Amino acid sequence: MSNEEISFLDGSDSYCVCFIDMIGSTKVVSQISTFPDKIRKYYTVFLNSMSAIIKKYGGIVIKNIGDSLIFYFPKTSDCTNRSAFWNVIECCVTMMAAYKFVNSECLK
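One structure accompanies this document, and this report is about it. From a predicted model like this one, the values you see are computed outputs, not experimental measurements. (Residues numbered from 1 in each chain as written. Predicted model: local features only at pLDDT ≥ 70, side-chain atom pairs only at ≥ 80, totals over all residues. Heavy atoms only, no water.)

### Topic: the packing of aromatic side chains
We describe a pair of aromatic rings using the distance from one ring centre to the other and the angle between the two ring planes.
For step 1, the next point in the chain: On inspection of all chains with the given rule, the structure shows 3 aromatic pairs.
For step 2, the next point in the chain: Centroid distance Tyr 15 to Tyr 72: 5.0 Å. Interplanar angle 70 degrees. Geometry classified as edge-to-face. Placement of the pair is Tyr 15 in the segment before strand 1 (16-21) and Tyr 72 in strand 3 (residues 68-73), with a sequence separation of 57 residues.
For step 3, the next point in the chain: The exposure class of Tyr 15 is partly exposed, given its relative accessible area of 39%.
For step 4, the next point in the chain: On the numbers, 5.8 Å between centres and 75 degrees between planes, the contact of Phe 71 with Phe 73 is edge-to-face. The pair Phe 71 / Phe 73 is uniform in exposure class, with both members buried.
For step 5, the next point in the chain: Its end group placed over the ring of Phe 35, Lys 38 keeps NZ or CZ at 4.9 Å from the ring centre. (Phe/Tyr/Trp six-rings, centres within 6.5 Å; stacked < 30°, edge-to-face > 60°. Helix = DSSP H or I, 4+ residues; strand = E, 2+ residues; numbered from the N terminus. Buried < 20%, exposed > 50% of the residue type's maximum accessible area, 1.4 Å probe, protein only. Lys NZ or Arg CZ within 6 Å of the ring centre and 35° of its normal.)

Below, the structure written as C-alpha cells:
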C-alpha cells in the first residue's frame, strides 16, 4: 500500500489528529438558503483553503464532514520529532489566521 493511505493491517501507531469546524455555518447557510450557488461557494472556499493549509504543513485529510475536516500528521508518530509537532501548531495557527481570507472570499 502507498504511504499516503491509511492501513490498519500492519499494526497501529499514535499520531496527532486534529479537527476543524466552521463555527456558525448552520446559521449562515440558513440565511443564504435561497442561493444554492452561494452555499456551494461557502463550503468550497472553507474546505479547500483548510485542505491546502493542512497539506502545506505535512498533514493529511482523513474525512470531510460537511462543514468540518478531520486530519492527521504522519510525522508525529515519532514523539521525538519536535519539528513535526511544531508543524501541527503552525498549521492550526495558520488556519485560525485564514478566517479573514475565507470570509472575504465567501462574500464575493
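There is more to say after this.
### Concerning the side chain of Asp 67
For step 1, the next point in the chain: Of note, Asp 67 is situated in the loop between strand 2 (60-64) and strand 3.
For step 2, the next point in the chain: This buried residue, Asp 67, is left without a salt bridge; Lys 63 holds the nearest opposite charge, at 12 Å.
For step 3, the next point in the chain: Here Ser 68 takes part through its side chain, which lies 3.2 Å from a polar atom of the side chain of Asp 67.
For step 4, the next point in the chain: In this structure, Asp 67 is in contact with Ile 20, Asp 21, Met 22, Ser 25, Tyr 43 and Phe 46, ignoring residues within four places of it in sequence. (Lys, Arg positive; Asp, Glu negative; His and termini not counted. Salt bridge = Lys/Arg side-chain N within 4 Å of Asp/Glu carboxyl O. Polar contact = N/O pair within 3.5 Å; in protein donor to acceptor, adjacent residues only side chain to side chain. Contact = heavy atoms within 4.5 Å.)

### Focus: the pairing of strand 2
Side chains on a regular strand alternate between the two faces of the sheet.
For step 1, the next point in the chain: Of the pairings in the sheet, the one linking strand 2 to strand 3 comprises 4 bridges and is antiparallel in character. Among the inter-strand pairings, Ile 60 is bridged to a residue of strand 3, identified as Tyr 72.
For step 2, the next point in the chain: Where strand 2 folds back on strand 3, the antiparallel hairpin that results is connected by 3 residues, among which Gly 66 adopts a positive phi of roughly 75 degrees. (Pairing = 2+ DSSP bridges.)

### Concerning the layout of surface pockets
For step 1, the next point in the chain: Looking at the second largest pocket, its volume works out to about 300 Å³.
For step 2, the next point in the chain: For the second largest pocket, the lining is made up of 13 residues, of which Asp 21, Met 22, Ile 23, Phe 46 and Tyr 99 are closest to its centre.
For step 3, the next point in the chain: Going through the elements one at a time, strand 1, helix 2 (36-56), helix 3 (82-97) and helix 4 (99-107) are the ones with two or more residues in the lining of the second largest pocket. (1 Å grid on protein atoms, 1.4 Å probe; cavity = no way out; pocket = protein on both sides within 12 Å on 5 of 7 lines; lining within 4 Å. Points joined across faces, edges and corners; volume = space filled by probe spheres on them.)

### So, the sheet that holds strand 1
For step 1, the next point in the chain: Here 3 strands make up an open sheet; going across it, the order is 1-3-2 and the pairing antiparallel. The open sheet is flanked by strand 1 and strand 2, the only strands paired with a single partner. Neighbour-to-neighbour, the strand axes of this sheet turn through a mean angle of 25 degrees, independent of strand direction.
For step 2, the next point in the chain: With 6 bridges connecting them, strand 1 and strand 3 associate as antiparallel partners. Bridge pairing in strand 3 places Val 17 opposite Tyr 72.
For step 3, the next point in the chain: The strands touched by helix 2 are strand 1, strand 2 and strand 3; relative to strand 3, the strand with the most contacts, the crossing angle is about 5 degrees.
For step 4, the next point in the chain: Set on the sheet, helix 3 makes contact with strand 1 and strand 3; between it and strand 1 the angle comes to about 0 degrees. (Axes fitted to C-alpha atoms, helices over the stretch in contact; angles between N-to-C directions.)

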